[in-house]
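If you want the building blocks of each chain, they are given just below.
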Amino acid sequence: MVAASNGVEVSNGVKASSFEYKGWRFDSVSGPILSTCERGTLTDKLSATAASKGLPSIVPPLPEAIFGHSYLTMTHEASGRTFSFDAAGAIACWMRESAHKGSGGIRVTTASLPSWKKVADEQDLAMGASDYDWTFSTDYSGTTGAESPLSPTTEVEGAPAQWGVHTGSGLDMALLRRRDIPILHFVDLTLYEDDLGDNGESVVRLRMRVMPSCFLLLLRHALRVDGVLIRQHDTRVFHKFGSPHVLRDRRLGEARLAPLRKPVLLDEPAAATAAPWATTTPHRLAYEQQQASLRSASVPNEQQAAEKLATLPPKSESVEELLL
């Protein structure tokens, strides 16, 4: 049985979607960026939660764009198991790790760079915050069972879940690579993003698709520090309908980037010396394409970064399973 309600607007700019298939219910909400008042409410909740766990209660500067209304909850109706993903949970995970490791932890290898350290020190002075991870890196993989996220819009049912080590063959990649299988339902949500002061990009994005025989969710934190590194924390949640378990694959990939190069402008006097052949037609286009290629090596987009990291051994990877 399939039941769907897609893109129903429940308030200004907030759209809800619900889809039921083979004993699972997929509820999602897509909303706008939090307002200043809403960011204040979230900051208060983060502060109270941190204090209750013995962590510093001062909340560091948050990402520029937080999509705090957006979330996805997947419910296995027979067992009551739920798998929930939202911005507040991702930010809480970043804040915990930041409190323990700060900007000099293993998540932020660029913290020793003078330019980044200067930015961090200025923000610390302005906000009264301790040393923190200003790249907003997180290995957030959602909440399962009765683990309650901070989002006021998400209720988590069932008993706390215990993920165990998966000893089987892992995700069915042959099935997932097939392009002849229809997609019955699709969700694409950004949880938060920040341009790191025009020095790169830090984005947490969720994509989920339901197919006739399975579903796959990809939750990714993609970090790019221009001319320095790319890093992606990927969590994939996979289930074949009718099987007794859900699989979760978590992978961390990282690679260095080519240093940024100052572009040579064709209308500069120096251009004639740097690339004399590029100032005349038809070589101008070829020169501009060459410059674009150099920029992409230092500033790849998410897909280019993912393709590069897929060719390299991961820094860490684990596959777990949860019985339903």
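Residues numbered from 1 in each chain as written. Predicted model: local features only at pLDDT ≥ 70, side-chain atom pairs only at ≥ 80, totals over all residues. Heavy atoms only, no water.

> What's the story with the overall build of the protein in this structure? I'm lost.
Broken down by element type, the protein carries 7 helices and 14 strands. Counting the 324 residues in the protein, one finds 46% classified as buried. Counting only contacts in the protein whose residues sit at least 6 apart along the sequence, the fraction spanning at least 24 positions is 63%. Of the roughly 16200 Å² of accessible surface on the protein, a fraction of 54% belongs to carbon and sulfur atoms. (Helix = DSSP H or I, 4+ residues; strand = E, 2+ residues; numbered from the N terminus. Buried < 20%, exposed > 50% of the residue type's maximum accessible area, 1.4 Å probe, protein only. Contact = heavy atoms within 4.5 Å. Areas by Shrake-Rupley, 256 points an atom, 1.4 Å probe, with all protein chains shown as cover.)

> Which parts of the structure should I look at to understand the sheet that holds strand 12 (residues 229-240)?
Note on sheets: strands pair through backbone hydrogen bonds, and any given pair is parallel or antiparallel. Spatial ordering of the open sheet is given by 4-9-10-11-12-13-14-8, a layout of 8 strands whose pairing is antiparallel. Only two strands of the sheet have a single neighbouring strand rather than two, namely strand 4 (65-66) and strand 8 (164-165). With 8 bridges joining them, strand 13 (residues 245-256) and strand 14 (residues 316-323) adopt antiparallel strand pairing. Looking at strand 14, one finds that leucine 252 is bridged to serine 316. The sheet contacts of helix 7 (residues 302-310) involve strand 10 (200-210), strand 11 (214-225), strand 12 and strand 13, and relative to strand 12 the element is tilted by about 80 degrees. (Pairing = 2+ DSSP bridges. Axes fitted to C-alpha atoms, helices over the stretch in contact; angles between N-to-C directions.)

> When you look at the pattern of salt bridges in this model, what are you seeing that I'm missing?
Pairing is possible between side chains that carry opposite charge, provided their charged atoms lie close to one another. In this structure the tally under the stated criterion is 16 salt bridges. Of the charged contacts in the structure, one is a salt bridge between aspartate 226 and arginine 224, with a shortest N-O distance of 2.6 Å. Considered together, aspartate 226 and arginine 224 belong to a single accessibility category, that of buried residues. Between lysine 315 and glutamate 254 there is a salt bridge, with the nearest N and O atoms lying 3.7 Å from each other. Note that lysine 315 is positioned in the loop between helix 7 and strand 14 and glutamate 254 in strand 13, a separation of 61 residues in sequence. For lysine 315, a relative accessible area of 51% gives the class exposed. Several salt bridges share partner residues, and in doing so they unite Asp188, Arg205, Arg207, Arg220, Asp234, Arg236 and Glu302 into one network. (Salt bridge = Lys/Arg side-chain N within 4 Å of Asp/Glu carboxyl O.)

> How should I be thinking about the packing of aromatic side chains in this particular structure?
Ring pairs (aromatic) are described by centroid distance and by the angle formed between their planes. One pass over the structure, following the stated rule, counts 10 aromatic pairs. Each ring, one from phenylalanine 19 and one from phenylalanine 26, has its centre 6.3 Å from the other, and the planes form 40 degrees; the classification is tilted. Owing to a relative accessible area of 2%, phenylalanine 19 belongs among the buried residues under this scheme. Residue classification places phenylalanine 26 among the buried positions, given a relative accessible area of 0%. Between tryptophan 24 and phenylalanine 215 the ring centres are 4.9 Å apart and the planes differ by 70 degrees, which places this aromatic pair in the edge-to-face class. Of this pair, tryptophan 24 sits in strand 3 (residues 24-30) while phenylalanine 215 is found in strand 11, placing the two residues 191 residues apart along the sequence. One aromatic cluster in this structure is built from Phe19, Tyr21, Trp24, Phe26, Phe83, Trp163, Phe215 and Phe241. (Phe/Tyr/Trp six-rings, centres within 6.5 Å; stacked < 30°, edge-to-face > 60°.)

> In this structure, what is going on with the confidence of the model for the protein? I would like to understand it.
Do not read the fine detail of predicted coordinates wherever pLDDT is low. On average, residues of the protein score 81 in pLDDT, and 71% of them reach the 70 mark or higher. Of the regions scoring below 50 in pLDDT, residues 104-112 engages in 27 contacts with residues more than four places distant in sequence or in other chains. Scored below 50 in pLDDT, residues 146-159 makes 37 contacts in the model with residues more than four places away or belonging to other chains. (pLDDT = per-residue confidence, 0-100.)

> Got a minute to help me understand the nonpolar core in this structure?
Nonpolar side chains in soluble globular proteins tend to be buried together. Counting residues in each nonpolar core, the largest one holds 49 residues, and the members touching the most others are Met74, Phe85, Met208 and Leu217. Phenylalanine 85 has contacts with Ser70, Tyr71, Leu72, Met74, Tyr140, Ser141, Gly142, Leu206, Leu217, Leu219 and Val237, leaving out every residue within four places of it along the chain. Residues Leu171, Ile181, Leu216 and Phe238 belong to the second largest nonpolar core, which totals 9 residues. (Core = buried A, V, L, I, M, F, W, Y, C linked by side-chain atoms within 4.5 Å.)

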